[in-house]
Amino acid sequence: MTRYLYIIIALFCFQAAFGQITRDTTKTVEPLYKINRLTSSIIVGAGFVTNAVGLKILDDRSRVTAADLLNLDRNDVPKFERWSLDQNSDNFDRWHERSDFVMRSSLLLPVILFADKRIRHQAVDYALMYLKAHAINANVYTLGVPQFHRKNRPIVYYEDLGLEKRTGVRLSNSFYSGHVGVTATSFFFMAGVYQDLYPERNKIIPLAIAGGATTFVAYGRLKAAKHFLTDVILGAGIGGLIGYYTPYFHRNNRNKTKKAALKLDAGYRSFRLAYTF
C-alpha cells in the first residue's frame with residue numbers, strides 16, 4: 001500500500017518539475033491567487049477552534065453503550081449497504097491503519113507544490129488558502145450532519161468482537177466519513193492548484209490521481225467496518241468540492257473578462273460590423 005502512495009507523490013513531483021522546466025521563467029508573472037490575509041487568518045483560527053469544540057460535543061453524542069447493543073437489528077441497515085456487516089473482522093485493523101496512513105499523509109502532500117517558484121512566492125497566501133479549505137471541511141463535518149444524525153458504524157454490529165471495540169465514543173457517527181472528506185480536500189486542492197499552475201497540461205491526470213487516492217481511503221474505511229457506502233460517497237463529494245473550489249474562488253484572474261468592443265470596417269464595395277466580448 002505504501003508504494004502506491006509513493007507513486008502518487010512521484011507523479012505529482014514529476015508533473016510539477018516538468019511543468020516548471022518547460023515554462024518560461026524570464027517573464028514576470030502576476031500572483032495566481034488573491035487572498036485577504038486578515039480575513040483568511042480569522043476564518044482559519046476560528047474554524048479550528050469551533051472544530052475542536054464540535055468534536056468534543058460529537059464525542060458525547062456519538063457514544064455507544066452496552067445497552068445500545070441490545071437494540072441493534074441488522075434489518076435496520078438498508079439492503080444495499082448490508083454487505084458491510086458480513087466482512088472478515090480479522091482484516092479490520094489492517095485496513096484501518098492503511099486508510100489512516102494515506103489520510104494523514106495527504107495533509108502534508110500539498111507541500112510538493114512548493115517546487116514551483118510561483119507557489120513559493122505566495123507561500124503565506126497558499127498556506128492560508130489550504131488551511132482555510134481544511135477548516136471549512138472540518139466544520140462542515142463536526143457542526144453538520146454527524147451532530148444531529150445518529151448512525152452506527154458497521155463495526156458495532158460484529159458480535160465476534162469484544163465490547164471495547166463496539167462501545168465508546170464516535171461509534172454512532174458513521175454518516176458521513178471524515179477521513180474520506182479530509183483526503184479528498186487535500187488531494188482535490190492539489191489538483192485545482194496544479195491546473196492553475198499548468199493550464200496547458202493535461203487536466204485529467206491530477207483529477208484522476210485525486211480520485212484514486214480518495215477512493216483508496218474510502219475502500220479502506222469500508223473494509224475496516226468504519227463506514228457504509230453512502231458515508232464514504234458523501235465524504236468524498238463534500239471534501240472534493242471544498243478542496244477543488246477553494247483555489248478556484250481565490251484565483252486572481254477569475255473575474256477578469258475581455259472588454260466589449262464594437263468594430264466597424266468600411267471599404268470599397270464592402271462593409272463589416274463586428275462585436276467582440
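Quantities reported herein were computed from a predicted structural model and do not represent experimental measurements.

A. Structural detail: the overall build of the chain. In terms of helices and strands, the chain carries 11 helices and 2 strands. Sequence-ordered secondary structure for the chain, helices as α and strands as β, is α-α-α-α-α-α-α-α-α-α-α-β-β. At a minimum sequence separation of 6, the contacts of the chain that also span at least 24 residues come to 80%. Entry remark: accessible area of the chain is about 15,200 Å², with carbon and sulfur atoms responsible for 61%.

B. Broad picture of unusual backbone geometry. Looking along the chain, the bond that leaves F175 and enters Y176 is cis, with omega of 10°. The residue R170 is not glycine, and still its phi comes out positive at about 55°. Along the polypeptide, R170 turns up in the loop between α8 (163-166) and α9 (178-197). A residue is classified by how much of its surface remains accessible, and R170, at 36% relative accessible area, is partly exposed. Even without being glycine, A225 reaches a positive phi, approximately 60°.

C. Region of the structure containing the environment of R37. You can see R37 is positioned in helix α2 (residues 37-61). Along the chain, R37 and M129 lie 92 residues apart, while their C-alpha atoms are 9.2 Å from each other. At a separation of 2.7 Å, a polar atom in the side chain of R37 contacts the side chain of D125.

D. The pattern of salt bridges, seen in detail. In total, this model carries 11 salt bridges according to the counting rule given. A salt bridge links D86 to R74; the shortest N-O distance between them is 2.9 Å. Of this pair, D86 sits in the loop between α3 (66-69) and α4 (92-106) while R74 is found in the loop between α3 and α4, placing the two residues 12 residues apart along the sequence. The class for R74 is partly exposed, based on a relative accessible area of 34%.

E. A look at the packing of α2 against helix α6 (residues 123-142). The N-to-C vectors of α2 and α6 enclose an angle of 30°; their axes lie 8 Å apart at closest approach. By the angle class used here, α2 and α6 are roughly parallel. Remark: the crossing between α2 and α6 carries left-handed chirality. Across the interface between the two elements, R37, S40, S41, I43, V44, G47, F48, T50, N51, G54, L55 and L58 from α2 touch V124, D125, L128, L131, K132, H134, A135, A138, N139, Y141 and T142 from α6. For the contact of α2 with α6, the residue count by class is 11 nonpolar, 9 polar and 3 charged.

F. Molecular detail of the packing of aromatic side chains. Here the structure, examined in full by the defined rule, presents 13 aromatic pairs. Relative to F249, the ring of Y248 has its centre 5.1 Å away and its plane inclined at 80°; by these criteria the two rings are edge-to-face. Accessibility expressed as a relative area gives 27% for Y248, which makes it partly exposed. With relative accessibility at 51%, the residue F249 sits in the exposed group.

How each quantity is defined
Positions within a chain are numbered from 1, following the residues in the order the chain's sequence is written. A pLDDT threshold of at least 70 governs which residues receive local features in this predicted model, and a stricter bar of 80 or more applies before side-chain atom pairs are shown or counted, although totals over entire chains, interfaces and linings include all residues. Computation of side-chain values: all heavy atoms of the structure, hydrogens and water removed. Numbering of helices and strands runs from the N terminus; a helix is a DSSP stretch of H or I covering at least four residues, while a strand is a stretch of E covering at least two. The contact criterion used throughout is that any non-hydrogen atoms of two residues lie within 4.5 Å. Surface exposure here means Shrake-Rupley accessible area, sampled with a 1.4 Å probe, where a residue is shielded only by the protein chains that are shown. Using a 1.4 Å probe on the protein chains alone, a residue whose accessible area is under 20% of its type maximum counts as buried, one over 50% counts as exposed, and one in between counts as partly exposed. Polar contacts, as counted here, are pairs of nitrogen or oxygen atoms within 3.5 Å of one another; within protein the pair requires one atom able to donate a hydrogen and one able to accept it, and residues that are adjacent in sequence qualify only if both atoms are side-chain atoms. For this document, the term salt bridge refers to a Lys or Arg side-chain nitrogen within 4 Å of an Asp or Glu carboxyl oxygen. To obtain each axis, a line is fitted to C-alpha atoms, and for helices this fit is confined to the stretch in contact; angles are then taken between N-to-C directions over 0 to 180 degrees. For classification purposes, an angle smaller than 35 degrees is called roughly parallel, one larger than 145 roughly antiparallel, one from 65 to 115 roughly perpendicular, and anything else oblique. Each crossing is labelled by how the near helix is turned from the far one, with a counterclockwise turn of less than a right angle marking it left-handed and a clockwise turn marking it right-handed. By the convention adopted, Pro, Cys, Tyr, Trp, Phe, Met, Ile, Leu, Val and Ala count as nonpolar, Lys, Arg, Asp and Glu as charged, and the other residues, Gly among them, as polar. Any two rings among Phe, Tyr and Trp, with Trp reduced to its six-membered ring, count as a pair given centres within 6.5 Å; such a pair is stacked if its planes are under 30 degrees apart, edge-to-face if over 60, and tilted if neither.

The analysis is restricted to geometry; functional conclusions fall outside its scope.
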